Amino acid sequence: MSTSATVGGQLHDSAFLRAARGEPAPHTPVWFMRQAGRSLPEYLALREGVGMLESCMQPDLVVEITLQPVRRYGVDAAIFFSDIVLPLKAVGVDLEIRPGVGPVIASPVRTLADVEAIPDLTPDAVPFITDAVRRLVGELGSTPLIGFAGAPFTVASYLVEGGPSKDHARTKAMMFGEPDLWDALMRKIAGISAAYLEVQVAAGASAVQLFDSWAGALTPADYERQVMPHSASVLARAGALGVPRIHFGVGTANLLTLMGEAGADVVGVDWRTPLASAIPLVGDRAVQGNLDPTMVFAPTEVMTARAGEIIEAGRAAKGHIFNLGHGVLPTTDPDQLARLTEFVQTYPLG
């Protein structure tokens with residue numbers, strides 16, 4: 001058997017992909033949202049003087065940043081280093097990521113003409129993504145790479161609000177008051193997000209995660225009627241590629257069933273919802289999560305005790321991928337994440 005065939009077999013049978021498919025895994029797989037960057041001193045050194053979006057468009061930086069936490073922690077999966085607004089930047093939307101603020105859109109979407117002015121995403125718009133993913137897959141060997149994209153509602157919120165928002169008032173005003181415009185915008189973003197995932201999978205990503213950071217601002221009825229169909233279209237296109245799909249949102253306890261039904265193989269659960277409560281809601285699907293990101297600031301034995309409780313709860317699910325309940329906080333001690341990784345990977349499942 002060739003080396004590439006051996007690696008391919010090991011990749012397919014990796015703990016992460018087995019758990020994502022709902023198959024028995026040799027140990028509870030673990031990775032961390034925002035593991036690539038933020039808290040790592042080697043990341044901060046590499047990013048010094050380089051803007052966020054600029055760093056996401058340089059394959060050398062993307063490859064190195066994505067690999068850093070895999071080297072340091074030995075996590076069971078790598079998450080592709082990028083940003084949810086990068087595809088918008090790639091198709092020509094005038095935006096920037098301001099430190100301490102987040103994505104800022106120069107001309108927020110207000111009309112159908114604004115939507116129609118946004119080009120669709122083609123692979124030609126993101127050659128640096130294809131390059132970076134291919135190189136990463138070669139470097140990672142038997143460690144899976146997770147591709148990701150922003151879900152339509154969250155990306156729409158940035159486009160309509162012009163930046164981050166606490167109440168999403170303009171976004172909801174459009175959703176409720178101009179449903180045709182809203183539908184056109186969501187279809188546009190869904191197409192871009194799906195194409196972005198397709199590029200990553202075509203280049204070798206083994207799984208994808210759709211982030212809907214702001215979906216928790218919605219009622220189940222509004223989500224089901226005006227958001228879920230568009231997220232479902234993204235997940236359907238990703239599913240056609242044969243890779244597991246993770247669907248994650250923040251503050252989405254009331255949406256977990258619907259987020260699963262949108263087409264997820266794995267439903268991400270934030271730290272606010274006990275895993276034992278979430279598992280019955282997601283149906284015959286795996287779950288991902290969900291240690292409170294602030295628990296890594298507690299004494300190690302407190303952190304690991306809580307992690308153990310989460311692993312035990314995860315036994316009731318079709319599959320369980322251990323993660324934080326949101327992203328790694330910037331002031332996190334990397335050594336503490338290393339201890340957490342080792343604890344999870346060596347926790348007895350027998």
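Above this text is the structure in question.
Residues numbered from 1 in each chain as written. Predicted model: local features only at pLDDT ≥ 70, side-chain atom pairs only at ≥ 80, totals over all residues. Heavy atoms only, no water.

**Things to note about the pairing of strand β5 (residues 207-212)**
Summarising burial for β5: six of the six residues are buried, a large majority. Residues A207, Q209 and F211 of β5 are buried on one face, and the alternating residues V208, L210 and D212, pointing to the opposite face, are buried as well. Pairing between strand β4 (residues 145-150) and β5: five bridges, direction parallel. In the strand pairing of β5, G147 is matched with V208. Where β5 meets strand β6 (residues 245-249), five bridges bridge the pair, whose relative direction is parallel. In the sheet register, D212 faces β6, and the bridge partner there is G249. (Buried < 20%, exposed > 50% of the residue type's maximum accessible area, 1.4 Å probe, protein only. Helix = DSSP H or I, 4+ residues; strand = E, 2+ residues; numbered from the N terminus. Pairing = 2+ DSSP bridges.)

**Quick word on the pattern of salt bridges**
In total, this model carries 18 salt bridges according to the counting rule given. K188 is the salt-bridge partner of D120, the closest N and O atoms lying 3.0 Å from each other. In this pair, D120 sits in the loop between α7 (112-116) and α8 (127-140) while K188 sits in helix α11 (residues 179-202), placing the two residues 68 residues apart along the sequence. Residue classification places D120 among the exposed residues on the basis of a relative accessible area of 54%. For K188, a relative accessible area of 15% translates into the label buried. Here K318 ties to D284 by a salt bridge, and the two come within 3.7 Å at their closest N and O atoms. Here D284 lies in the loop between α15 (275-278) and β8 (286-288) and K318 lies in the loop between α16 (300-314) and β9 (320-321), a separation of 34 residues in the sequence. Assessed through its relative accessible area of 40%, K318 is described here as partly exposed. By relative accessible area, which is 61% here, D284 ends up exposed. (Salt bridge = Lys/Arg side-chain N within 4 Å of Asp/Glu carboxyl O.)

**Quick word on the packing of aromatic side chains**
This structure, assessed with the given rule, holds seven aromatic pairs. Seen in terms of ring centroids, F148 and F211 are 5.2 Å apart; in terms of plane orientation they differ by 80°. Their pairing is edge-to-face. Of this pair, F148 sits in strand β4 while F211 sits in strand β5; the two residues are 63 residues apart in sequence, bridging distant segments of the chain. Residues F148 and F211 agree in their burial class; the two are buried. With a centroid separation of 6.3 Å and 65° between ring planes, the pair formed by Y158 and W214 is classed as edge-to-face. Separated by 56 residues along the polypeptide, Y158 in helix α9 (residues 152-161) and W214 in the loop between β5 and α12 (220-226) bring together distant segments of the chain. By relative accessible area, which is 8% here, Y158 ends up buried. Given the relative accessible area of 27%, W214 is considered partly exposed. An aromatic cluster of at least three residues, connected via ring pairs, comprises F148, F211 and F248. (Phe/Tyr/Trp six-rings, centres within 6.5 Å; stacked < 30°, edge-to-face > 60°.)

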